[in-house]
Structure formats: structure tokens, C-alpha cells
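Notes for the structure review
Each chain, letter by letter, is given below.
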Amino acid sequence: MGNESLTITDNRTGKSYELPLKHGNIRAMDLRQIKTTEKDFGVMSYDPAFLNTAACESRITFIDGDLGILRYRGYPIEQLAAKCSYLETAYLLLYGELPDEKKLSDFTARVARHTFIHENMKKFMEGFRYDAHPMSMLVSSIAALSSFYPDAREVHNPEVRELMAIRLIAKIPTIAAYAFRHTNGLPFVYPDNELSYTANFMNMLWKMAEPKFLANPVLAHALDILFILHADHEQNCSTSTMRVVGSSQADPFLSMAAAASALSGPLHGGANEEVLRMIDEIGSIEHIPAFIESVKKGERKLMGFGHRVYKNYDPRAQVIKETADSVFAVTGRNPKVDIAREIEKIALSDEYFVKRRLYPNVDFYSGIIYEAMGFRPEMFTVLFAIPRTSGWLAHWEEQSKDADTKISRPRQVYLGSGERNVK
Ligand code: ACO
């Protein structure tokens, strides 16, 4: 076995076991041979939040949390944000390589062809209460799409999987925009397939009586950059949900509805909404020190700070900070950015945050830009879900082709009652 192994001694029995290492890791199943008796179940690993458990091998996204590195298929996020469009990035995530001109124009045309949703989907969305949260509308509508595409259940057919991925990437902005229009009591706007992905989304959001809506190109570009930054982030909570639900061979609409549900939580994609609420609550720069003190006492969390993987500056937060200025040049400065920058300054020089290596994450500045563009906080997580669709689907596709894939089914450490009788 050479040096590529780990020797474990069971102090209960004095026996030693040599476990092979693959890419520097052991297989948890290899622990099961470690037993005290023949009937013993064997040793498991206990890892409730997957702090140190790899659930798959993946070739999509690389993160080095200590160095603040994020790469999709090997390309640094900063380069993708500077040189590529969101659809190029989605193609990269799905197919593994950046498209040439022809492949990109075919992919763009294919996505454009699928942007419309069935008229009954529109009626379905009209049924939501006037004050429904846009994320609830989005999640339910993604699930409802499953009922329009029964062929989506053919998850073993690669052509069907590809078509469903295109459908989801194409339709998610339409659903998101309809949720926005519903909240605002405005009629739905049909997609305009002559426009780019983000310009069409903006058309469906903001078109009023004008014959053709032309998005401000600076804002459309900024939104495109934000979409690139949010497209994937390896095995985060929602992507893992996509993989877990997908492992049961549920169709991709239902798996993605589950992934979007996971994204909605305030500890995950819902944090951007909470950041704006927090800044509103703080109100002005002089209230920041008192707020920080309450965080340090454990009474609050500083939303938009901290990350399970990044223990350094989130590289996405850096690009977002730079994008903010181009947006403000068009929309006017959102004064909340001054509060946010001051929070960051104070937190990054405070021992509590330094010791715990808490830095701004992707959600810290994104909401401020979205608000300047005209979105209310309820929409922020929806804006996250649109681009994350390509990441979820890339992982779902990778899993579908992986010979190691089995239905996800964790073990438990049972600590409840032993057998007892009903009297
Ligand atoms: N504010 C104050 N303290 C914090 C914060 C925060 N935002 N985040 C972590 N801490 C503290 C914890 O209280 C803990 O302190 P302790 O060691 O004294 O108990 C320590 O830092 C380590 O934190 P954990 O909770 O163990 O870190 P974990 O990896 O489990 O959580 C998470 C990561 C959920 C992102 C957390 O940092 C958090 O809740 N942040 C705020 C919510 C947020 O911004 N989420 C978006 C993440 S990015 C995304 O999902 C797109």
C-alpha cells in the first residue's frame, strides 16, 4: 500500500487497520471493518453538518477558503467576471469548457427558445396572495413546472437531462420576473428573445407602456457580473440539497425546487435580504459600535459576515464592491454602502471577528447594489437563485454520470430508548 494509507489502532481491541488514502482521503465505509466483536456494526464517522465529509468527487468548482480563491472549471472568478458573460459561464459550468463563438450562439439561441412558460403557469402564479414572498412563489413555481414536463422524469436519458437544464436556465428569469410583477400588482411581461439574458430579465421586470424596453447597458452588465459570481459555489447547502434529492432520481424541477428552498434560508442565500434589514435597523454610522457590541455579546449575528469555507475575504465580495461604483454612477449612490463599509472597517479591526476569521461574504454588498437598481429585499434571494440554477444543474449532471452515485442516505447515532412495551 506504500505511504498512501492511514494506520488506525483500536485501543479497545489493540488491533490495527490500514486504510487506503485516495486523493488524501479515507473512505468512511473502510471504518466499518473496525469492530469489537463479529456482530458489532463497526465504526462510523459522526459529522452532523458535514464539516469534514466529502460527499462526492467533483470537477466543477474549486475553493481555497484560506487563500480566498474561487475558480469555475479552473478559471478564476475575477477573470470570468471581467471577460465573460453569464451564459458563457453557465455553458462552462454545464459542459466543462468555455464555448467558442458558434457554440455560444447556439447555446444562447437554445436558451432564448425556451424562455416562455405555459399560459397555465401564468394562471398558477396569479393565484398567489398579493403579499406572497417572491422566494415562496419561485420555489412553488419551479416545482409546478414538473407537471408541465412529464418527460423530465427520464433522468437516465442524457438528451432529456440537457433539454431540462436548458429549460430551467431559460425559464427561471421569467418566473422570477413574474413573481416580482405579481408583488407589484403589474401585468406579466412576455420574454423578448432579441435581448440578452439579463436585458430580457430587466425587460420582464420593468417594461411598462413602451413598445420595447431597453435596459441600461451598465446595469445589465452589472447584473450579468452578479450572475457570474453567484453561479456556483461547490457543495454548499442548496447544491448539496440538489444532489441529495436528485440522488433519489426525482426529476430536475423537483430537485431544483428543493435546492431553491434550501437557498431561501437566512443562513444561506437569504442572508442578503437580512443584511439590508440589519443596515436599516442600524440606521446610521454612529449606531454601528453599539450594534457590533451586541454581536460580540452573542445577541445578534452580523449578517453577510462569516462563511463555512472562506476564512479569508470572499473573492466574490471584492468583485461586488468594485461593481457597486459602476451601478451607483447610473442609479445614484445608495447611502447604505457607507454604513456597510464602516461596518466592514470596524469588524475587520475588531479582535472578535479577526480571531474567528469572519470576513464579508457574497451577500454583504450584493443587496445594496440590488436595492440601488430598484429591487426590494424580498427579491434578493430570487436574484441569487437565477444564476445558481446553472450551478445546481451542473452538479446534478455530474452526479447523474458518476458511477459512485447512490441514493443519499446518512446514518444516525441512535441514542433513544431501548425496546420497551406498550402497557
Ligand atoms: N456574526 C457573529 N458571529 C459569527 C458570525 C456572524 N455572522 N458567523 C460566525 N460567527 C461566530 C460564531 O458565533 C462562532 O463563534 P464561537 O466560536 O464563539 O462560538 C464562530 O464565529 C464560528 O462560527 P460557526 O457558526 O461555527 O460557523 P459556521 O461555519 O457553522 O457558519 C455561517 C457559517 C452560517 C455562514 C455563519 O458565519 C453565519 O451565520 N453568518 C451569517 C449569515 C450569512 O451571512 N450567511 C451567508 C453565507 S454565504 C452564502 O450562503 C451564500
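Keep in mind that what you see is a predicted model, and the values were worked out from it rather than measured.

Below, the discussion takes up unusual backbone geometry. Even without being glycine, His-23 reaches a positive phi, approximately 50°. Residue placement: His-23 occurs in the loop between strand E2 (15-20) and strand E3 (61-64).

Of the positions making up helix H9 (residues 237-246), those classed as buried are Ser-238, Thr-239, Thr-241, Met-242, Arg-243 and Gly-246. Close packing links the buried residues of H9 with helix H10 (252-263) and helix H17 (380-401).

Now for the pattern of salt bridges. Tallying each qualifying case throughout the model produces 26 salt bridges. Its salt-bridge partner being Arg-161, residue Glu-397 comes within 2.7 Å of it at the nearest N-O pair. Placement of Glu-397 in helix H17 and of Arg-161 in helix H6 (residues 158-183) is noted, with a sequence separation of 236 residues between them. Each member of the pair, Glu-397 as well as Arg-161, is classed as buried. Measuring nitrogen to oxygen at the nearest pair gives 3.4 Å for the salt bridge that ties Lys-321 to Glu-344. In this pair, Lys-321 is assigned in helix H13 (residues 315-331) and Glu-344 in helix H14 (residues 336-348), connecting sequence segments 23 residues apart. On the basis of relative accessibility, which here comes to 19%, the residue Lys-321 falls in the buried class. Salt bridges here are not isolated pairs; linked through shared partners, they connect Glu-273, Arg-277, Arg-376 and Glu-378.

In this section: the domain arrangement of the chain. Here the chain is described as being made up of domain 1 (5-46), domain 2 (61-260 + 384-401) and domain 3 (271-373). Taken over C-alpha atoms, the centre of domain 2 sits 26 Å from the centre of domain 3. Each side of the interface is counted separately: domain 2 has 24 residues, and domain 3 has 24 residues. Both sides of the domain 2 and domain 3 interface together cover about 2000 Å² of buried area, and 69% of this is carbon and sulfur. Linking domain 2 to domain 3 there are one salt bridge.

Along the chain, Leu-94 falls in helix H2 (residues 86-95). What makes Leu-94 buried here is its relative accessible area of 12%. Residues Leu-94 and Asp-131, spaced 37 residues apart in sequence, show a C-alpha to C-alpha distance of 35 Å. Not counting the four nearest positions on each side in its chain, Leu-94 is found in contact with Arg-73, Phe-107, Ile-169, Ser-390, Leu-393 and Ala-394.

Further remarks concern the side chain of Ser-5. Take Ser-5: it is sitting in strand E1 (residues 5-10). Overall, the relative accessible area of 15% leaves Ser-5 in the buried class. A polar contact is formed between the side chain of Ser-5 and the side chain of Glu-18, at a distance of 2.7 Å. Those residues in contact with Ser-5 that lie beyond four places of it in its chain are Glu-18, Leu-19, Pro-20 and Leu-21.

Ranked by internal contacts, the top residues of the largest apolar core, which has 120 residues, are Leu-138, Tyr-197, Phe-201, Leu-302, Ile-343 and Phe-375. Per element, the largest residue contribution to this core is 14 residues, and it comes from H6. Each of domain 2 (61-260 + 384-401) and domain 3 (271-373) gives at least three residues to this core. For Phe-375, the residues in contact, after removing those within four places along its chain, are Phe-180, Leu-205, Trp-206, Tyr-370, Phe-380 and Leu-383.

Let us now look at the pairing of E3. In summary, the side chains of a regular strand alternate between the two faces of the sheet. Burial along E3 is one-sided: the face carrying Thr-61 and Ile-63 is buried and the face carrying Phe-62 and Asp-64 is not. Bridging between E3 and strand E4 (residues 69-72) involves four bridges; their strand directions are antiparallel. Counted as the bridge partner of Thr-61 is Tyr-72 from E4. Between E3 and E4, which pair antiparallel one after the other, the connecting turn spans four residues, and Gly-68 there sits at a positive phi close to 70°.

Across a sheet, strands are paired by hydrogen bonds formed along the backbone, either parallel or antiparallel in direction. One open sheet accounts for three strands, arranged E3-E4-E5; its pairing is antiparallel. Strands at the two margins of the open sheet, each flanked by one partner only, are E3 and strand E5 (75-76).

Below, the discussion takes up the packing of helix H5 (residues 134-145) against H6. Relative orientation of the contacting elements H5 and H6 amounts to 140°, with a least axis distance of 9 Å. As far as their axial angle goes, H6 and H5 are oblique. Here H5 runs over H6; the crossing is right-handed. Between H5, through Pro-134, Met-137, Leu-138, Ser-141, Ile-142 and Leu-145, and H6, the contact on the second element is made entirely by Leu-168, Lys-171, Ile-172, Ile-175, Ala-176, Ala-179, His-182 and Thr-183. Of the residues assigned to the contact of H5 with H6, the class counts are ten nonpolar, three polar and one charged.

Next up on the list: the site of the ligand. Around the ligand, the surrounding shell holds 19 residues, and the nearest of these are His-268, Lys-301, Leu-302, Gly-304 and Arg-308. Measuring from an oxygen atom of the ligand, one finds a side-chain N or O atom of His-268 at 2.9 Å. Here the ligand has 920 Å² of accessible area as a free molecule, and 70% of this is covered by the chains. Grouping the amino acids of the shell around the ligand by side-chain chemistry returns ten nonpolar, five polar and four charged.

Thresholds, definitions, all that
Residues numbered from 1 in each chain as written. Predicted model: local features only at pLDDT ≥ 70, side-chain atom pairs only at ≥ 80, totals over all residues. Heavy atoms only, no water. Helix = DSSP H or I, 4+ residues; strand = E, 2+ residues; numbered from the N terminus. Buried < 20%, exposed > 50% of the residue type's maximum accessible area, 1.4 Å probe, protein only. Contact = heavy atoms within 4.5 Å. Salt bridge = Lys/Arg side-chain N within 4 Å of Asp/Glu carboxyl O. Domains from an automatic or database assignment. Buried area = accessible area lost by both parts, 1.4 Å probe. Polar contact = N/O pair within 3.5 Å; in protein donor to acceptor, adjacent residues only side chain to side chain. Core = buried A, V, L, I, M, F, W, Y, C linked by side-chain atoms within 4.5 Å. Pairing = 2+ DSSP bridges. Axes fitted to C-alpha atoms, helices over the stretch in contact; angles between N-to-C directions. Parallel < 35°, antiparallel > 145°, perpendicular 65-115°, else oblique. Left-handed = near helix turned anticlockwise from the far one by under 90°. Nonpolar A, V, L, I, M, F, W, Y, C, P; charged D, E, K, R; others polar. Near = heavy atom within 4 Å. Areas by Shrake-Rupley, 256 points an atom, 1.4 Å probe, with all protein chains shown as cover.

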